[in-house]
Amino acid sequence: MQHLIEKASTLMEALPYIRRFSGKTIVIKYGGHAMAEEKLRKSFALDIILLKYIGINTVVVHGGGPQINETLKRYGIVSEFVKGMRVTDAETMGVVEMVLTGQVNREVVGLINQHGGRAAGLSGKDGSLLLCEKLLQEIRREDGGVEMVDIGFVGDVVEVNPAILQALEKGGFIPVIAPVGVGRDGQSYNINADVVAGKVAAALGAEKLILLTDVSGVKDKQGELLSSIPLADVPELIDNGTVTGGMIPKVTCCTDALAAGVKKAHIVDGRIEHAILLEIFTNVGIGTEIQA
Ligand SMILES: Nc1ncnc2c1ncn2[C@@H]1O[C@H](COP(=O)(O)OP(=O)(O)O)[C@@H](O)[C@H]1O
Ligand SMILES: CC(=O)N[C@@H](CCC(=O)OP(=O)(O)O)C(=O)O
C-alpha cells in the first residue's frame, strides 16, 4: 500500500511536467562514460522510450570518447586534447568516424529498440544535418595573448539542417545522432558531442538540453556541486581554471544554446539510474543548471 501511495504521489508531482513538455523537444546528450554499466544503459533506454510515449519529441546525441580512445590505442595511434577537443589528423578521423557511426551509434540504436523503442541512427552527414568548417581553437598564451590553433579535422558547426530530424519525428522515430559532421567539400569532421547537442537543441528550438556525464555536475574549486550557474559566470569559471578539460565544451555549449533560445540547459550525473526522469519530472532536479 505504501508503495502505491509513493507511486501515486510521484505521478502527481510529475503531471505538471508531463503537461508542460508534451509536444515540446528535449535534446539529450548520452556521454561515453555514462554508457559503461548494463543497468545504466537499460535505465537510459527506458527513460528515452517513456519520454517519446508521453509525446515529447526526444532527440539523442551520443558521445563515444572512451570507445575512440580504446580503438586508437589498439592501432597504436597517440591522441591528445586541446581544451576538451581531440586533435584529429586524417588517420584519427578515420578511426573516429568508424567508431562513432559504425559502432557506438549502432549500439545506442540497438539498446533503445531492444527495450521497445523506435530509434533511427544517423550522423551529421545524413541530410547534411551538421555542416562544418574547420575549427580553430582559441588558446591563451602565457604572456596573456591569444592564439588560434589548428587541431586538424575538428568541425565548427556553421549550419544545422534539421529537415531529416523533422522527417524522423513525423514517422514516430527517435533520432540518435553520431557527432560527425561534413564540410561543403565532403570532408568528414569530428565534433565534440556536447557541441552537437547544443547546436541541435538551438536549431530545433528545444525546451530543454540535458547533458549526461560521469560526475554529479559542475563543481567549484573545493569540489562542491554548483547546482546553478548564471550564464554570465561561465567565462570566469573557465578563465580561473575551475572548469577544465571535457567540462569546457559542456558549459560553453549550454551557454550558446541558451543564448540561441533553448529554455533550459542542465549537466546531469549519468551514473544515477533514471537521471533523465529525475531531472525532467521532479521538483528537485539534479546536477547543474546553467541559468539564462
Ligand atoms: N569544474 C568541474 N566540475 C566537474 N567536472 C569537471 C570540472 N572541470 C573538469 N571536469 C572534468 O570533466 C569531466 C567530464 O567531461 P568528459 O570526460 O568529456 O565527460 P563525458 O564523457 O561525459 O562527455 C569530468 O569527469 C571531470 O574530470
Ligand atoms: C572533437 C572531439 O573531441 N570529439 C569527440 C567526439 C566524441 C565525444 O564527444 O565523446 P564523449 O562525449 O564521450 O566525450 C572525441 O573525439 O572524443
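What counts as what
- Counting starts from 1 at the beginning of each chain's written sequence and moves along it residue by residue.
- By the order in which they are written, chains take letters starting at A while ligands take numbers starting at 1.
- For a predicted model such as this one, the threshold for reporting local features is a pLDDT of at least 70, and the threshold for listing and counting side-chain atom pairs is 80 or more; totals across whole chains, interfaces and linings nevertheless cover every residue.
- Note that the side-chain values use all heavy atoms of the structure and ignore hydrogens as well as water.
- UniProt positions are given in the numbering used here, feature names are shortened, and annotations may be inferred rather than shown by experiment.
- Here a strand is any run of E in DSSP of at least two residues, a helix any run of H or I of at least four, and the numbering for each starts at the N terminus.
- Note on classification: 1.4 Å probe, protein chains only; a residue is buried when its accessible area is under 20% of the maximum for its type, exposed when over 50%, partly exposed between these limits.
- Whether two residues touch is decided by their heavy atoms; if any such pair falls within 4.5 Å, the residues are in contact.
- When the centres of two rings from Phe, Tyr and Trp lie within 6.5 Å, Trp using its six-membered ring, the rings pair. Their planes under 30 degrees apart give stacked, over 60 give edge-to-face, and anything left gives tilted.
- Patch rule: a residue counts if its relative accessible area is over 30% and it has no salt bridge; like charges are joined within 9 Å, and nonpolar side chains (Val, Leu, Ile, Met, Phe, Trp, Tyr) within 5 Å.
- Per-residue and other accessible areas were derived by the Shrake-Rupley procedure at a 1.4 Å probe size, with only the shown protein chains allowed to occlude residues.
- Between Lys or Arg on one side and Asp or Glu on the other, a salt bridge is scored when a side-chain nitrogen of the former is within 4 Å of a carboxyl oxygen of the latter.

Taking an unreviewed UniProt entry as the reference, the chain is identified by name as Acetylglutamate kinase belonging to Geomonas propionica. Reading the Catalytic activity (unreviewed entry) entry of the UniProt record for the chain gives the comment "N-acetyl-L-glutamate + ATP = N-acetyl-L-glutamyl 5-phosphate + ADP". You can read under Pathway (unreviewed entry) in the UniProt record for the chain the words "Amino-acid biosynthesis; L-arginine biosynthesis; N(2)-acetyl-L-ornithine from L-glutamate: step 2/4."

K.L.:
What exactly am I supposed to notice about the UniProt feature "binding site: substrate" (unreviewed entry) in the chain here?
P.N.:
The sites that UniProt annotates as "binding site: substrate" (unreviewed entry) are Gly64, Gly65, Arg86 and Asn190. A maximum C-alpha distance of 11.9 Å among these annotated residues, which run over 127 residues, shows that they cluster at one spot. One can find Gly65 in helix H3 (residues 65–74). Since its relative accessible area comes to 28%, Gly65 is described here as partly exposed. Assignment of secondary structure puts Asn190 in strand S10 (residues 188–190). In contact with Asn190, other than residues within four places in its own chain, are Arg86, Thr88, Met93, Val96, Leu100, Phe153, Val154, Gly155 and Pro179.

K.L.:
Teacher, can you tell me more about the packing of aromatic side chains here?
P.N.:
Aromatic rings in a pair are described by how distant their centres are and how their planes are angled relative to each other. Counted according to the given criterion, the structure contains two aromatic pairs. With centroids separated by 3.6 Å and ring planes inclined at 0°, the aromatic side chains of Tyr30 and Phe44 adopt a geometry described as stacked. Of the two residues, Tyr30 sits in strand S1 (residues 25–30) while Phe44 sits in helix H2 (residues 38–53), which places them 14 residues apart along the sequence. Among the residues examined, Tyr30 registers a relative accessible area of 2% and is labelled buried. Assessed through its relative accessible area of 3%, Phe44 is described here as buried.

K.L.:
Help me understand a nonpolar patch on the surface in this model?
P.N.:
Together, Leu136, Val146 and Met148 make up an exposed nonpolar region whose accessible area comes to about 270 Å². Tracing the backbone shows Met148 in strand S7 (residues 146–160).

K.L.:
What is the right way to look at the pattern of salt bridges in this model?
P.N.:
Opposite charge on two side chains allows them to pair when their charged atoms are near. Within the structure shown, the criterion is met by 13 salt bridges. The shortest N-O distance in the salt bridge between Lys264 and Glu289 comes to 3.3 Å. Of this pair, Lys264 sits in strand S13 (residues 264–269) while Glu289 sits in strand S14 (residues 288–291); the two residues are 25 residues apart in sequence, bridging distant segments of the chain. You can call Glu289 buried: its relative accessible area is 16%. Salt bridges sharing partners connect three or more residues here, namely Lys29, Asp194 and Lys250.

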